Amino acid sequence: GLRGLQVAMVEVTPASGPILRQVPDACAGEPGLQLFAQVVSSIPSIAEILNGPGPFTVFAPSDIALSKLGIGTGGEDDLLGLPQDHLEALLRCHFSCGQVLFEAMYSGRSLRALDGTALVVSFDRWPRGGLRINGIPVEQTDLQCSNGVVHTLAQPLRPAPASGRGRGASGGQR
């Protein structure tokens, strides 16, 4: 005989989990990141990049953080509150090529933003509590997208001085 051996048949159907969206669409559907998505979509060069194949790691300032800069506080004619070239420069320091999830972050890890700004990871508490990027607290991690991952910041990052980053529409890209 089989002496206590048990056999079971299990029918498995493929999981139909959530369909991942590209970075701009994922941000548009995420509470607290709609303003960031609106700013991205208002700048064609940034929208084109973040709708590309990626992968990207995006450090997106929350809606509250952007509103403290005056973004989104203008009237109908000036919804974003800042000139487009300033917004583009601001956005280019918030994402880098390659996908870096929270589990792959460690103190001292450095990423290079699209504009050349160094993005340095640190933690306030051992072993991995209080994640920060360039000293700015990360509020939420690992919003998975089809072309990367988004982490939400409590404040916007500051671009590197112009001499330390690429120039022009293609400056700093790959």
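Quantities reported herein were computed from a predicted structural model and do not represent experimental measurements. (Residues numbered from 1 in each chain as written. Predicted model: local features only at pLDDT ≥ 70, side-chain atom pairs only at ≥ 80, totals over all residues. Heavy atoms only, no water.)

Moving on, we come to the packing of helix H2 (residues 34-42) against helix H5 (residues 84-92). The N-to-C vectors of H2 and H5 enclose an angle of 115°; their axes lie 10 Å apart at closest approach. Here the hand of the crossing between H2 and H5 comes out left-handed. Between H2 and H5, the residues in contact are Phe-36, Val-39, Val-40 and Ser-42 and Gln-84, Leu-87 and Leu-91, respectively. For the contact of H2 with H5, the residue count by class is 5 nonpolar, 2 polar and no charged. (Axes fitted to C-alpha atoms, helices over the stretch in contact; angles between N-to-C directions. Helix = DSSP H or I, 4+ residues; strand = E, 2+ residues; numbered from the N terminus. Left-handed = near helix turned anticlockwise from the far one by under 90°. Contact = heavy atoms within 4.5 Å. Nonpolar A, V, L, I, M, F, W, Y, C, P; charged D, E, K, R; others polar.)

So, on to the sheet that holds strand S7 (residues 148-153). If you walk across this open sheet you meet the 7 strands as S2-S1-S7-S6-S5-S4-S3, and the pairing is mixed. Both outer strands of the open sheet, strand S2 (95-97) and strand S3 (110-112), are each paired with one neighbouring strand and no more. Going across the sheet, the axis of each strand differs from the next one's by a mean of 30°, ignoring polarity. With 3 bridges connecting them, strand S1 (residues 56-61) and S2 associate as antiparallel partners. Residue pairing across strands places Val-58 opposite Phe-95, the latter belonging to S2. (Pairing = 2+ DSSP bridges.)

Before going further, it helps to spend a moment on H5. Looking only at H5, the buried set comprises Leu-87, Leu-90, Leu-91 and Arg-92. Looking at the buried positions of H5, the neighbouring elements they touch are H2, helix H3 (44-50) and S2. (Buried < 20%, exposed > 50% of the residue type's maximum accessible area, 1.4 Å probe, protein only.)

Right, let's get into the nonpolar core. Ranked by size, the top nonpolar core spans 27 residues in total, and within it Phe-36, Leu-50, Val-58, Phe-95 and Val-150 carry the most contacts. Looking at this core, the elements with two or more residues in it are helix H1 (23-28), H2, H3, S1, H5 and strand S6 (136-145). Ranked by the residues each element gives to this core, the list is headed by H2, at 5 residues. Setting aside residues no more than four positions away along its own chain, Phe-95 makes contact with Ile-46, Ile-49, Leu-50, Phe-56, Thr-57, Val-58, Ala-113 and Leu-114. In terms of nonpolar packing, the next biggest core, distinct from the first, is built from 15 residues, Val-121, Phe-123, Ile-133 and Ile-136 among them. (Core = buried A, V, L, I, M, F, W, Y, C linked by side-chain atoms within 4.5 Å.)

Looking at the chain, the pLDDT average stands at 84 and 82% of residues meet or exceed 70. Scored below 50 in pLDDT, residues 164-174 makes 20 contacts in the model with residues more than four places away or belonging to other chains. (pLDDT = per-residue confidence, 0-100.)

A few words now on the packing of aromatic side chains. Throughout the structure, instances matching the rule amount to 2 aromatic pairs. Between Phe-56 and Phe-95 the ring centres are 6.1 Å apart and the planes differ by 90°, which places this aromatic pair in the edge-to-face class. In this pair, Phe-56 sits in strand S1 while Phe-95 sits in strand S2, placing the two residues 39 residues apart along the sequence. Per residue, the accessibility class of Phe-56 equals that of Phe-95, and both read buried. Taken together, a centroid distance of 6.0 Å and an interplanar angle of 75° make the contact between Phe-102 and Phe-123 edge-to-face. Here the residue Phe-102 occupies a position in the loop between S2 and S3, and Phe-123 occupies one in strand S4 (residues 118-125), the gap between them amounting to 21 residues. In this structure Phe-102 comes out as partly exposed when scored by relative accessible area, which is 23%. (Phe/Tyr/Trp six-rings, centres within 6.5 Å; stacked < 30°, edge-to-face > 60°.)

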